Amino acid sequence: QVQLVESGGGLVQAGGSLRLSCAASGRTFSNYAMGWFRQAPGKEREFVATISGGAGSTYYADSVKGRFTISRDNARNTVYLQMNSLKPEDTAVYYCAGSRAVVAFTTGYDYWGQGTQVTVSS
């Protein structure tokens, strides 16, 4: 079992930055690829970014490429999402998730955090 707890969400103006963190406990963190997803009101949960267990591979949704950066610190059992140049359309609840494979779909993830709200004002 892996427990995930996100933090770092909040309210920011368009063009601003936030860094989300996801702390993991339980089984060996480095064995898992980690992903970030988001869900806006009335919309389906969508993929944002993912990173392999050893941090050698990262993938991003086209909508965030060049603005968001996923990273991880396996010594701290933590994965991060640095979000720059935020737009109002980035407003959503952001979730981190753990998977045995580097995948970009929700059903590929076994463990989920409770989410953290990010609101970008125009």
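Each remark here, short or long, concerns the structure printed above.
The shown structure was predicted, so the numbers you read here are calculated from the model rather than taken from an experiment.

Novice: Any chance you could break down the environment of Ile51 for me, citing the residues and the numbers?
Specialist: Relative to the helices and strands, Ile51 resides in strand β5 (residues 46-51). Here the alpha-carbon distance between Ile51 and Val102, two residues 51 residues apart in the chain, equals 6.8 Å. Not counting chain neighbours up to four residues away, the residues in contact with Ile51 comprise Ala33, Met34, Ser57, Thr58, Ile70, Ser71, Arg72 and Val79.

Novice: I'd like a rundown of the sheet that holds strand β8 (residues 78-83), residues and numbers included.
Specialist: The four strands lie next to each other as β1-β3-β8-β7, forming an open sheet whose pairing is antiparallel. Two strands bound the open sheet, and with one partner strand each, they are β1 (2-7) and β7 (68-73). Averaged over all adjacent pairs, the angle separating strand axes in this sheet is 15 degrees, with direction ignored. When strand β3 (residues 18-26) meets β8, the two strands line up antiparallel, connected through six bridges. Bridged to Cys22 within β8 is Val79.

Novice: Explain the nonpolar core residue by residue, including any values.
Specialist: Within the largest apolar cluster, 34 residues are counted, with the highest numbers of intra-cluster contacts made by Trp36, Leu81, Met83 and Tyr94. Counting only elements with at least two residues in this core, the list comes to β1, β3, β4 (33-39), β5, β7, β8, β9 (92-99) and β11 (116-121). Residues contacting Met83, with those up to four places away along its chain left out, are Gly16, Ser17, Leu18, Leu20, Arg67, Phe68, Tyr94 and Val118.

Novice: Go over the state of the cysteines with me, naming the residues and quoting the values.
Specialist: Inspection of every chain in the model, using the stated rule, returns one disulfide. The disulfide bridge from Cys22 ends at Cys96, spanning 1.9 Å between sulfur atoms. On the S-S bond that ties Cys22 to Cys96, the torsion sits near 45 degrees, and the link is right-handed. Here the residue Cys22 occupies a position in strand β3, and Cys96 occupies one in strand β9, the gap between them amounting to 74 residues. Each member of the pair, Cys22 together with Cys96, is buried.

Conventions and cut-offs
- Residues numbered from 1 in each chain as written.
- Predicted model: local features only at pLDDT ≥ 70, side-chain atom pairs only at ≥ 80, totals over all residues.
- Heavy atoms only, no water.
- Helix = DSSP H or I, 4+ residues; strand = E, 2+ residues; numbered from the N terminus.
- Contact = heavy atoms within 4.5 Å.
- Pairing = 2+ DSSP bridges.
- Axes fitted to C-alpha atoms, helices over the stretch in contact; angles between N-to-C directions.
- Core = buried A, V, L, I, M, F, W, Y, C linked by side-chain atoms within 4.5 Å.
- Buried < 20%, exposed > 50% of the residue type's maximum accessible area, 1.4 Å probe, protein only.
- Disulfide = S-S within 2.5 Å.

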